[in-house]
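Summary of the model geometry
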Amino acid sequence: MEAMTSTVKGWMENPVKFAHSHGVTLSSSSDVADPDEQTHILIVEGFLLYNYTPLLEAFDKCYYINIPYGECKRRRSTRQYTVPDPPGLFDGHVWPMYLKHRTEMEDSGLHIEYLDGLKSKEDIYNRVHEDIQNNLLNRL
């Protein structure tokens, strides 16, 4: 988590320099030719991100895909792990830890938009994309 925080902060300081130093090609759909004048977006995705205090100040927008217990258990049961889950792991550890960390996340004070994980990936993508576009337009 410390390394990720350092990486995110490095990007925040200068996204163009960061991209070039990491071999990332910047794409542009803007009429602005100078990359330093363009809007840069970094998407940070991961499990427990909203529970790590040093990262909280980095987030402008927060999204959380929520699914109910039954669907979560069903999806996990379809995964193929090299070492399979022992019986009872989901109910005895995975779900209780999810609930614990979700409560901590909710108590973090971040404004988090909850997304329905039962919707299609396309619907979720479109919702987030539209929200980000609206946010950027409202900054102008």
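Scroll up to find the structure this text is about.
Numbering of residues starts from 1 in each chain and follows the order in which that chain's sequence is written. Local features in this predicted model are restricted to residues of pLDDT 70 or higher, and side-chain atom pairs are both shown and tallied only at a pLDDT of 80 or more, whereas totals for entire chains, interfaces and linings draw on every residue. Values shown for side chains rest on all heavy atoms present in the structure; no hydrogens or waters enter the calculation.

For this analysis, a salt bridge means a side-chain nitrogen from Lys or Arg found within 4 Å of a carboxyl oxygen belonging to Asp or Glu. This model, assessed by the stated rule, comprises 10 salt bridges. Taking the shortest distance from any N to any O, the salt bridge between K61 and D131 comes out at 2.9 Å. Taken as a pair, K61 in the loop between α3 (53-56) and β1 (62-66) and D131 in helix α6 (residues 121-139) lie far apart in primary sequence, 70 residues in all. Between R127 and E113 there is a salt bridge, with the nearest N and O atoms lying 2.6 Å from each other. With a gap of 14 residues between them, R127 in helix α6 and E113 in strand β2 (residues 112-116) connect regions that are remote in the sequence. The classification of residues rests on relative accessible area computed with a 1.4 Å probe and restricted to protein chains. Under 20% of the type maximum is buried, over 50% is exposed, and intermediate values are partly exposed. Classification of E113 as buried rests on a relative accessible area of 18%. A run of H or I in DSSP becomes a helix once it reaches four residues, and a run of E becomes a strand once it reaches two; helices and strands are each numbered from the N terminus.

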